[in-house]
Amino acid sequence: MRSFFIVSLLAAVSLSQAEEMPDLPILDISSQRDRHTIIAAGTEEVYQGHPTTTMLADGKTIFCVWCINHGGAAGPMARSDDGGATWSRIDELMPPGYKTHLNCPSIYRMTDSSGKERLWVFSAAKDTRKGPGMPSIMSEDEGKTWKEMPPLGFPCVMTFSSIVKLKDGSYLGLYHKGPGGADKAPLEVLQTITADGGFTWSEPKVVASVEGKNPCEPFVFRSPDGNELCCLMRENTHKERSLMMFSQDEGKTWSTPVNTPWGLTGDRHAGVFTKDGRMVVAFRDQAKGSPTKGHFVAWVGTYDDIKNSKPGQYRVKLLNSYAKNVGDCGYPGMELLPDGTIVATTYVKYEPDANKHSVVSVRFNLDATDALLPSSLPLIFSEDFEKGFDRWEVLDKESWTHRVVDGNAVFGINQRESAYKPPFRSPFHIALIKDVSVADFVLTFRVRSTKDTGNHRDCCIIFNHQDAANFYYAHLGAKPDPNSGQIMIVKNAPRTPITQNTKNVPWTDDWHQVKVVRDTTKGSIEVYFDDMTTPQLSANDKTFGKGRIGIGSFDDMDDFDDVRLYGK
């Protein structure tokens, strides 16, 4: 697989300087296709564009709507009953008139004062782009049936880019338009409020108009303490950064729009707050000096970072755009599942072929992306296996295979038996990094077990390897016992555990993230599996210092990918 890349932390550059540059780390998971779900595939004839999503209160049912062609006609809708893992088209449930609704349909879930919940899908215009503004369809039974509703009559470039619930139970919607509703400068952001759950809306009023700039595609959300509204906006001249403004009186007044931090510069923001209080905002990258400009990215940080114009924690490239106009992507839907999984959905030219844009979702969580952050140690080795495995010393080449799975190169163990016979009882499948020895290190990689062998289903990490008879290894066995699920030492004798772990390793058939942290001065060893905050295994031992690093298994079958080693 094409490896994660990390753009080193660079010094912040003020807007007064000629060239803007990244001021936070940039990670990349865009090539991890096991995270991708294609909701609607583009073809040579069909362009799938501009999706939005909403999730029901059950935390697993997600609806996705989009249009055909760039800013074209509505009509498609899909439903997922398993948190976005799989999708079913439900176009046949749509009212006939829905196909006459044009440009970027947006779906929302709203509840009226009596507690009745409805789903609404608003679009920009009916019949023609100059037709009646903001037509909609509505469902009162969680998407089982739908009916067409009268247009609101608000001229716009596109319908509500975001809607937020106010403290009194009403909803505030934000959208943008140019003169007469046209998509031309000067653009302004307007707001309107519904007190009856979406049926009627107040007279729109302009809340953002900036001389020499074109604010649009507003994303409004509430601060974690509940006392403030924040609105992030695309700035359509793209001369500087995106814009943001704040309201401390439920939208009655707004602050003067100002530039966002560099990392939030982009188009069509949408975001979620995670359980640890951080915020993840996805968008089309438009930041000057960005190595991912035009692609689908997410910013990770805190509300305080936004409010006080701090850089944030990091950015993540979610999907690569293969469009000739690379920036033709990135209108997202963002949903947070109860287990912390984020489902980020957008439209993108998914392959470098003749097919047009597809609607694709990316599933990830912050534990996985946090694990990719650079260590304070220097990066000394990175392997994605796209060019083979020449940099590895494999102790039994016949039991390992370099192959492509779902478009990504992996390196893995193809059989349980091995011709390698260690001098003492220890792992039979070992691949060591050539020409690299470290004492202190952080090692990260992804692994997928390809055969369920029961209690001892495992992968192994070899480290501080002196020779075939002297090294440590971490055995990530499914069920712990003295020979499984422990950190082991091999010292001119059969392996011996130096831990007394009792926690099961939660193997599945999916990819898992592993991290090993070694400090030889302290003697500490920490091994993480998926959860990058709490070690699965930990020990303290100073027997071996500087040595080689390897991956493998005692006698099981695994695929490996995206190996990164920081060390000295």
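My aim in this report is to walk through the structure given alongside it, one point at a time. Keep in mind that what you see is a predicted model, and the values were worked out from it rather than measured.

This part takes up the pairing of strand β11 (residues 136-139). By the alternation rule, side chains of β11 split into S136 and M138 and I137 and S139, which are all buried. The pairing of strand β9 (residues 117-122) with β11 spans four bridges and is classified as antiparallel. Paired with V121 across the strands is I137, a residue of β11.

Another aspect to go through is the nonpolar core. Residues W392, L443, F445, I461 and L476 are the most contacted members of the largest nonpolar core, which totals 40 residues. The dominant element in this core, judged by the number of residues it contributes, is strand β33 (residues 441-449), at four residues. For W392, the contacting residues outside a window of four places in its chain are F381, E383, F385, A431, L432, I433, K434, I551 and V563. Residues F296, C329, I342 and V360 belong to the second largest nonpolar core, which totals 24 residues.

The subject of this paragraph is empty space enclosed by the protein. For the structure on display, the rule yields two cavities of 30 Å³ or more. Empty space within the second largest cavity amounts to approximately 30 Å³. What lines the second largest cavity is simply E235, H238, E240, R241, S242, T265, G266, D267 and Q286. Tallied by class, residues from the lining of the second largest cavity come to no nonpolar, five polar and four charged.

Moving on, we get to the pairing of strand β13 (residues 158-165). Buried residues dominate β13, accounting for seven of its eight residues. In sequence, β13 turns back onto strand β14 (residues 171-177) through a hairpin of five residues, with G169 there showing a positive phi of about 95°.

Okay, the environment of L372 next. Tracing the backbone shows L372 in the loop between α2 (366-370) and β28 (379-383). For L372, a relative accessible area of 3% gives the class buried. As for L372 and G173, which are separated by 199 residues in sequence, their C-alpha atoms are 37 Å apart.

Moving on, we come to unusual backbone geometry. In the segment running from A185 into P186, the intervening peptide bond is cis, with an omega of 0°. Tracing the backbone shows P186 in the loop between β14 and β15 (188-194). Unlike most non-glycine residues, N69 shows phi in positive territory, near 75°. Inspection of the secondary structure puts N69 in the loop between β4 (62-68) and β5 (77-80).

Our focus in this paragraph is the packing of aromatic side chains. This structure, assessed with the given rule, holds 26 aromatic pairs. Ring-pair connections join several aromatic residues into one group, and the members of that group are F381, F385, F389, W392, W400, F411, F445 and F560. Residue placement shows R33 over the ring face of Y350; its charged tip is 4.5 Å from the ring centre.

This part covers the sheet that holds strand β27 (residues 358-364). Read from one edge to the other, the open sheet built from four strands follows the order β2-β27-β26-β25, with strand pairing classed as antiparallel. Only two strands of the sheet have a single partner each, and these edge strands are β2 (36-40) and β25 (333-336). The average angle at which neighbouring strand axes cross in this sheet is 25°, direction not considered. As judged from the four bridges shared by β25 and strand β26 (residues 342-348), these two strands associate in the antiparallel manner. When the sheet's bridge partners are listed, E335 is paired in β26 with V343.

As summarised here, the arrangement of the four strands in space is β3-β4-β5-β6, forming an open sheet in which the pairing is antiparallel. One side of each edge strand has no neighbouring strand; the edge strands of this open sheet are β3 (48-55) and β6 (88-89). With four bridges connecting them, β4 and β5 associate as antiparallel partners. In the strand pairing of β5, C64 is matched with A78.

The next subject is the pattern of salt bridges. Under the definition given, this model contains 29 salt bridges. Note that R241 and E20 form a salt bridge whose closest N and O atoms lie 2.7 Å from each other. Of this pair, R241 sits in the loop between β18 (229-235) and β19 (243-247) while E20 sits in the segment before β1 (26-28), and the two are 221 residues apart along the sequence. Comparing R241 with E20 shows no difference in burial state: the two are buried. D285 is paired through a salt bridge with R315; the nearest N and O atoms lie 2.8 Å apart. Here the residue D285 occupies a position in strand β22 (residues 279-285), and R315 occupies one in strand β24 (residues 314-319), the gap between them amounting to 30 residues.

Calculation notes
Residues numbered from 1 in each chain as written. Predicted model: local features only at pLDDT ≥ 70, side-chain atom pairs only at ≥ 80, totals over all residues. Heavy atoms only, no water. Buried < 20%, exposed > 50% of the residue type's maximum accessible area, 1.4 Å probe, protein only. Helix = DSSP H or I, 4+ residues; strand = E, 2+ residues; numbered from the N terminus. Pairing = 2+ DSSP bridges. Core = buried A, V, L, I, M, F, W, Y, C linked by side-chain atoms within 4.5 Å. Contact = heavy atoms within 4.5 Å. 1 Å grid on protein atoms, 1.4 Å probe; cavity = no way out; pocket = protein on both sides within 12 Å on 5 of 7 lines; lining within 4 Å. Points joined across faces, edges and corners; volume = space filled by probe spheres on them. Nonpolar A, V, L, I, M, F, W, Y, C, P; charged D, E, K, R; others polar. Phe/Tyr/Trp six-rings, centres within 6.5 Å; stacked < 30°, edge-to-face > 60°. Lys NZ or Arg CZ within 6 Å of the ring centre and 35° of its normal. Axes fitted to C-alpha atoms, helices over the stretch in contact; angles between N-to-C directions. Salt bridge = Lys/Arg side-chain N within 4 Å of Asp/Glu carboxyl O.

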